[in-house]
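One-letter residues, chain by chain:
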Amino acid sequence: MSRGFLTTAERKRLSTFPQEISVGDLGRYFTLAPEDLTQVSSQRGDHNRLGFALQLCTLRYLGFIPDNLLEPPPAVLRLLAHQLDVPIGVLDAYSHRQQTGSDHLLQVMHYLNYRRATTPDLVVLEDWLVERALEHDKPTFLLHLAAERLRWEHILRPGLTMLERIVSTARQRAREVTFENMAHLLTSQGRGFLDSTLEVDEGGHRTTLAWLQRMPNDHTTTQIKVTLEKIRFLQRSGIPNWELGQVNPNRLKFLSNIGARATNQQLLRSSELRRYPVLVAFLKQTLFDLTDIAIDLFDANLWERHTEAKAELDEMRLKAARSTNEKLRAYRDVVAIVIDDTVPGAALREAIFERYQRHRLQQIVEETERLIRPKNDEAIDLLAKRYSYIRRFAPAFLATLTFRAQKQAAPLLEAVDLLKVLNASGERTVPEDAPTAFVSEAWWEYVVGPKGKLNRRYYELSVLSELRLALRSGDIYVENARRYADPNTYLIPPDLWPAQRPEVIRLTQTTPIGEARLQEREAELRMLAERVEWLHTDRHSWLRREKGKWLLTPLEDEGRPKSAEDLEDAIVARLPRLDITDLLIEVDNWTRFSDHLVHASAGLPVQNERELTYLYASLLAQGCNFSLAQMSRSSGLAHHRLVYTTTWFLRDATLKRANTELVNYHHSLDMSQVWGLGTLSSSDGQRFPVTGRSRKARTILRYFGYGRGVTFYTWTSDQFSLYGGKAIVSTVRDATYVLDEILANETELPILEHTTDTSGYTEIVFALFDLLGLAFTPRIKDLGDQQLYRTESVDLNDLPQVRARLSKRVNTSLILEMWDEMLRLAGSLKLGWVTASLVIQKIQAAARKSQLAKALQEYGRLIKTLRALGWYESEEKRKWANRQLNKGESVHALKAHLMVANRGVLRRKTDEGLQHQVGCLNLLTNAIILWNSVYMAEALEQMEREGYVVDTDSLKHIWPTRFEHINVYGKYEFNLEEARRRTGLRELRQPDALEP
């Protein structure tokens with residue numbers, strides 16, 4: 001690659017002062033200390049003193065002297081001139097003698113202990129960058145790291161050209177190191193295998209690389225079998241045995257991402273130094289990905305069969321209900337005859353048969369038999385009707401994956417191994433000594449026949465059903481899996497925990513001793529209990545008791561004051577009307593978010609305006625739900641270039657960084673502070689229908705009718721910005737994911753408290769929030785029906801109303817016993833060892849709760865009770881949570897408006913495609929919110945100049961989620977002149993043309 005990777009704009013930005021310097025940095029770096037003033041005062045003349053002071057503070061701030069030294073931001077010049085009591089204009093005279101500036105720089109460097117870089121310094125820097133390049137390959141990021149290291153070591157930053165050369169060399173060396181770490185796999189045989197993955201098969205249809213790149217988009221039998229076939233191919237090729245422990249995990253992920261997008265032609269054109277590591281990383285990572293996906297598909301398919309069986313059972317019950325009355329009348333009549341004392345015993349049968357003929361009674365008995373269902377009716381017999389369908393993929397699933405078990409699941413693993421043997425041999429009979437300890441009560445009467453003989457069909461189905469649950473909980477785990485690996489590997493290892501514990505306690509602000517934390521919470525419980533008890537004595541309180549239940553007076557709609565409506569009308573009247581394309585370009589000019597959308601391989605942003613146009617179009621296509629073909633036709637841009645840009649520049653990681661840039665910029669605006677400080681957030685799901693097949697799509701009659709759909713789950717700050725989003729399965733409870741983006745938050749938003757609606761909480765989620773040092777205040781539906789708890793140590797005898805409401809006790813001894821393990825889990829989440837959603841899924845899916853899960857639930861019950869009492873005690877807290885959730889709904893309305901294409905029905909099928917769409921939609925939403933905020937502030941300034949008195953209290957009711965002034969539908973052109981010139985019909989398209 002070219003050594004000069006910086007664009008002209010980046011080079012200028014890195015060589016000059018930032019356009020704006022925060023108030024904090026002004027105070028930190030441009031305030032002259034007494035010793036600074038001593039140095040400055042030794043210079044002769046006001047212009048020299050100001051110039052010297054400017055160099056001193058600038059070097060301390062930037063680590064180099066910018067090209068535009070004499071054109072600093074006005075705030076810098078004003079602050080320095082004020083401290084020196086000199087006119088600002090004297091700086092103009094500082095440029096008259098260049099030697100003076102050079103001499104001053106030497107004095108400043110000596111005073112600040114700076115020095116110029118020597119050859120050994122640059123060698124050390126390059127060696128250090130090689131290690132960083134093994135983790136992060138983006139050249140501009142590496143250059144920033146290099147500049148920061150030089151500044152930290154008080155070495156004057158050399159020229160950008162030299163730094164570019166060092167970074168490029170470090171990246172090349174990182175590739176060589178990666179190649180060397182994989183050399184044991186790159187024998188002649190190994191290289192031959194890797195090259196073969198790039199060869200087109202005999203039919204001329206595809207390469208092995210393209211076959212492996214194509215991920216399943218549904219849980220059909222066919223796609224399960226294809227996925228398992230790919231896993232077997234990787235197993236036969238020896239990929240499970242590839243040892244890559246010496247390669248940095250981030251490097252593997254980076255290389256794998258390239259392999260997932262590259263074509264065989266692109267890789268064949270690249271050097272061996274690049275081609276082989278990319279293929280090795282891709283194949284290794286693909287084995288893990290496909291293993292996880294295969295289990296997901298198995299889970300979804302089996303559950304869908306079970307759902308079908310339950311639906312059939314419901315239909316049977318509905319049909320049975322229609323004939324129930326007739327059978328009840330017959331039973332009533334027969335029983336009435338039996339208990340009638342006037343009917344002799346000998347004549348009893350004759351009397352019954354006079355009323356009902358024998359064959360009719362026989363018919364009623366047979367119909368009744370069919371209606372009688374097991375006590376624990378799980379539609380198992382109806383599921384068994386789908387046995388042949390499940391058998392199409394189940395044997396291959398069991399045979400392909402290698403299962404391992406925790407101690408409690410050992411009998412189930414034995415049963416799985418037995419089924420493997422039976423499937424391989426073709427044997428139909430289940431041995432009498434087959435393991436059955438895992439068989440649940442609901443399955444038992446089906447699995448075990450009258451004489452103790454095991455039914456093969458039901459035995460196999462019970463094994464598969466229990467296996468599905470055990471995989472979810474982690475009782476059974478799988479080799480070469482990531483999400484279904486041994487749960488013991490998710491947390492900080494026990495031998496590393498003592499060293500990590502102090503840092504975790506510092507980050508979470510959690511007390512290291514469980515007793516101390518419980519005492520804090522018990523004191524809070526007593527205080528809230530007293531306040532809530534008092535509310536019961538106040539007739540005018542919003543809390544009352546009816547029929548033994550605590551009820552809250554519904555909140556009145558706060559509405560908006562007339563002043564806010566008038567102010568809004570005045571602001572809206574001044575907002576410019578524009579197209580979404582122009583808005584996106586303008587926001588990018590402010591923030592340069594596009595610099596974060598870098599090429600997956602080269603690590604560079606787009607290099608010119610033409611490429612930038614395609615980037616914007618790709619973002620709009622994803623965010624507004626257009627296909628790339630539709631965007632090509634609407635914009636006149638080449639379809640193949642849109643495909644290229646979307647494939648290589650739009651990824652989850654780059655979109656997250658671009659969104660972070662927008663959120664941070666918005667957070668820094670004074671206008672944003674009107675709506676909140678960025679400390680509060682909420683999360684909620686927005687459901688979208690999906691066309692065709694998608695692995696994440698599910699049928700929910702209420703939202704999608706008889707079609708399928710997915711949920712875009714997003715996290716919204718109290719300033720309206722979206723700092724996270726995920727595409728999730730709509731049937732999974734929101735609470736599973738609620739912590740993910742809060743813990744992964746890389747923005748400057750200082751999130752401290754979070755709220756959701758009812759679906760966003762469980763008692764375990766309450767516990768995890770508290771252990772992580774965060775407040776969680778969800779709006780719980782039917783709060784009066786919730787069980788609340790107290791501890792043994794809190795005396796509530798003098799508070800009868802609260803004592804009756806908090807009727808059960810928390811098991812504090814279990815909490816104290818498991819306190820350190822609870823901290824280890826919280827630390828593992830905080831430090832990124834595992835995602836919260838994965839841990840929560842495993843805990844909730846476990847058939848038998850572990851001691852850790854039980855302790856979390858007990859602690860969560862206490863925290864839930866505290867939050868519930870707080871909800872009862874404070875009407876303002878309820879209003880506050882409602883306002884935040886309403887902000888989220890307002891953002892949802894904006895997002896729904898943006899999804900203009902294809903009636904809002906999603907067409908992207910893959911998990912990756914859906915996640916990219918979430919990121920692009922969030923980016924467009926954040927761009928609009930940012931643009932609105934900036935122009936609302938501008939409108940307010942203009943109104944004040946016009947003499948309009950702005951009421952700041954009214955301003956908080958006017959939100960930046962409006963969209964009526966933004967055209968998202970494109971424009972229509974009516975080219976009458978072209979139509980008049982045309983003779984005959986339009987030219988037909990060529991079938992092999994590049995255009996879609």
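Residues numbered from 1 in each chain as written. Predicted model: local features only at pLDDT ≥ 70, side-chain atom pairs only at ≥ 80, totals over all residues. Heavy atoms only, no water.

Visitor: Where do I start with the overall build of the chain in this structure?
Guide: Counting secondary structure elements, the chain contains 44 helices and 15 strands. Seen through its C-alpha atoms, the chain measures out along the principal axes to roughly 135 × 85 × 80 Å. Within the chain, the fraction of its 996 residues that count as buried is 52%. Counting contacts in the chain only where the partners sit at least 6 residues apart, residues at least 24 apart contribute 76% of the total. For the chain, the exposed area adds up to about 48500 Å²; of that, 50% sits on carbon and sulfur atoms. For the chain, the centre of its 132 positive side-chain charges and the centre of its 129 negative side-chain charges are spaced 4 Å apart. (Helix = DSSP H or I, 4+ residues; strand = E, 2+ residues; numbered from the N terminus. Buried < 20%, exposed > 50% of the residue type's maximum accessible area, 1.4 Å probe, protein only. Contact = heavy atoms within 4.5 Å. Areas by Shrake-Rupley, 256 points an atom, 1.4 Å probe, with all protein chains shown as cover. Lys, Arg positive; Asp, Glu negative; His and termini not counted. Charge placed at Lys NZ, Arg CZ, Asp CG, Glu CD.)

Visitor: Help me understand the packing of aromatic side chains, please; the structure alone is not making it clear to me.
Guide: One pass over the full model with this rule turns up 23 aromatic pairs. Ring geometry for Phe 688 versus Phe 712: centroids 5.0 Å apart, planes at 55°, classification tilted. Taken together, the residues Phe 688 in strand S8 (residues 680-690) and Phe 712 in strand S9 (residues 708-717) connect sequence positions 24 residues apart. For Phe 712, a relative accessible area of 1% puts it in the buried group. Consider the rings of Tyr 713 and Trp 715, whose centres lie 4.9 Å apart with planes at 90°: the pair is edge-to-face. Like Tyr 713, the residue Trp 715 is buried in the burial classification. The positively charged end of Arg 687 is found above the aromatic ring belonging to Tyr 703, 4.2 Å away from the centroid. Directly above the aromatic system of Trp 880 lies the positively charged group of Lys 877, at a separation of 4.8 Å from the ring centroid. (Phe/Tyr/Trp six-rings, centres within 6.5 Å; stacked < 30°, edge-to-face > 60°. Lys NZ or Arg CZ within 6 Å of the ring centre and 35° of its normal.)

Visitor: Help me understand the pattern of salt bridges, please; the structure alone is not making it clear to me.
Guide: Between side chains of opposite charge, a pair can form when the charged atoms approach closely. In this structure the tally under the stated criterion is 59 salt bridges. One salt bridge connects Lys 385 with Glu 312, and the closest N-O pair in it is separated by 2.4 Å. Taken together, the positions of Lys 385 in the loop between helix H18 (380-384) and helix H19 (387-390) and Glu 312 in helix H15 (residues 272-338) put the pair 73 residues apart, joining distant regions of the chain. With a relative accessible area of 52%, Lys 385 lands in the exposed category. Its relative accessible area of 19% is what places Glu 312 among the buried residues. (Salt bridge = Lys/Arg side-chain N within 4 Å of Asp/Glu carboxyl O.)

Visitor: Got a minute to help me understand helix H39 (residues 836-845) in this structure?
Guide: For H39, the buried fraction is high: seven of the ten residues fall into the buried class. All of the buried residues along H39 are Ala 836, Ser 837, Leu 838, Val 839, Ile 840, Lys 842 and Ile 843. Along its buried surface, H39 packs onto helix H23 (456-473), strand S10 (722-728), helix H34 (740-743), helix H35 (763-771), helix H38 (819-830) and helix H40 (851-873).

Visitor: So what exactly am I meant to see when it comes to the state of the cysteines here?
Guide: Put plainly, two cysteines are in a disulfide when a covalent bond ties their sulfur atoms together. For the coordinates displayed, the defined rule picks out zero disulfides. No disulfide involves Cys 624; its nearest neighbouring cysteine sulfur is the one of Cys 920, lying 9.8 Å away. Its relative accessible area of 2% is what places Cys 624 among the buried residues. (Disulfide = S-S within 2.5 Å.)

Visitor: When you look at the environment of Leu 302 in this model, what are you seeing that I'm missing?
Guide: Here Leu 302 lies in helix H15. Between the C-alpha atom of Leu 302 and that of Ala 394, which follows or precedes it by 92 residues, the distance is 9.5 Å. Not counting the four nearest positions on each side in its chain, Leu 302 is found in contact with Ile 390, Leu 464, Ser 465 and Arg 468.

Visitor: Help me out: how do you make sense of unusual backbone geometry in this one?
Guide: A negative phi angle characterises most non-glycine residues, just as the trans form characterises most peptide bonds. For Asp 85, which is not a glycine, the phi torsion comes out positive at approximately 55°. Inspection of the secondary structure assignment puts Asp 85 in the loop between helix H5 (74-84) and helix H6 (98-111). You will see that His 154, though not glycine, has its phi angle at about 60°, which is positive. As for its placement among the helices and strands, His 154 is situated in the loop between helix H8 (139-152) and strand S2 (155-156). A relative accessible area of 32% means that His 154 is categorised as partly exposed.

Visitor: Would you mind showing me how to read helix H24 (residues 497-508) here?
Guide: One turn of an α-helix holds 3.6 residues; hence residues three or four places apart share an orientation. Inspection of H24 places Trp 497, Val 504, Ile 505 and Thr 508 among the buried residues, and these make up the whole buried set. The buried residues of H24 all sit within an arc of 100° when viewed along its axis, so they share a single face. Counted as exposed and oriented over 90 degrees from the buried face of H24: Ala 499, Pro 502 and Arg 506. Of the residues one or two after H24, Gln 509 is the one with positive phi, at around 55°. (Arc of directions from axis to C-beta.)

Visitor: What is the right way to look at the environment of Ala 846 in this model?
Guide: Mapped onto the elements, Ala 846 comes out in the loop between H39 and H40. For the pair Ala 846 and Asp 475, spaced 371 residues apart in sequence, the C-alpha to C-alpha distance is 7.5 Å.

Visitor: Explain the nonpolar core to me, please; I cannot follow it from the model alone.
Guide: One recurring pattern in soluble globular proteins is that nonpolar side chains are buried together. Counting 155 residues, the largest nonpolar core has Phe 397, Phe 403, Tyr 459, Leu 471, Ile 571 and Phe 593 as its most contacted members. Broken down by element, this core gets its largest block of residues, 17 residues, from H15. Contact partners of Tyr 459, with chain neighbours within four places excluded, come to Ala 415, Leu 418, Leu 419, Val 430, Ala 434, Pro 435, Thr 436, Phe 438, Val 447 and Leu 454. Counting 75 residues, the second largest nonpolar core, distinct from the first, contains Val 738, Ile 764, Leu 799 and Ala 836. (Core = buried A, V, L, I, M, F, W, Y, C linked by side-chain atoms within 4.5 Å.)

Visitor: Even after reading the chapter, I still don't get the pairing of strand S6 (residues 549-552), so can you show me in this structure?
Guide: Two faces belong to every sheet, and in a regular strand the side chains alternate between them. As defined by bridge partners, strand S5 (residues 543-546) adjoins S6 across four bridges and the pair is classed as antiparallel. In the strand pairing of S6, Arg 545 is matched with Trp 550. Taken together, S5 and the strand that follows it, S6, pair antiparallel across an intervening segment of two residues, in which Lys 547 is found at a positive phi of about 55°. (Pairing = 2+ DSSP bridges.)

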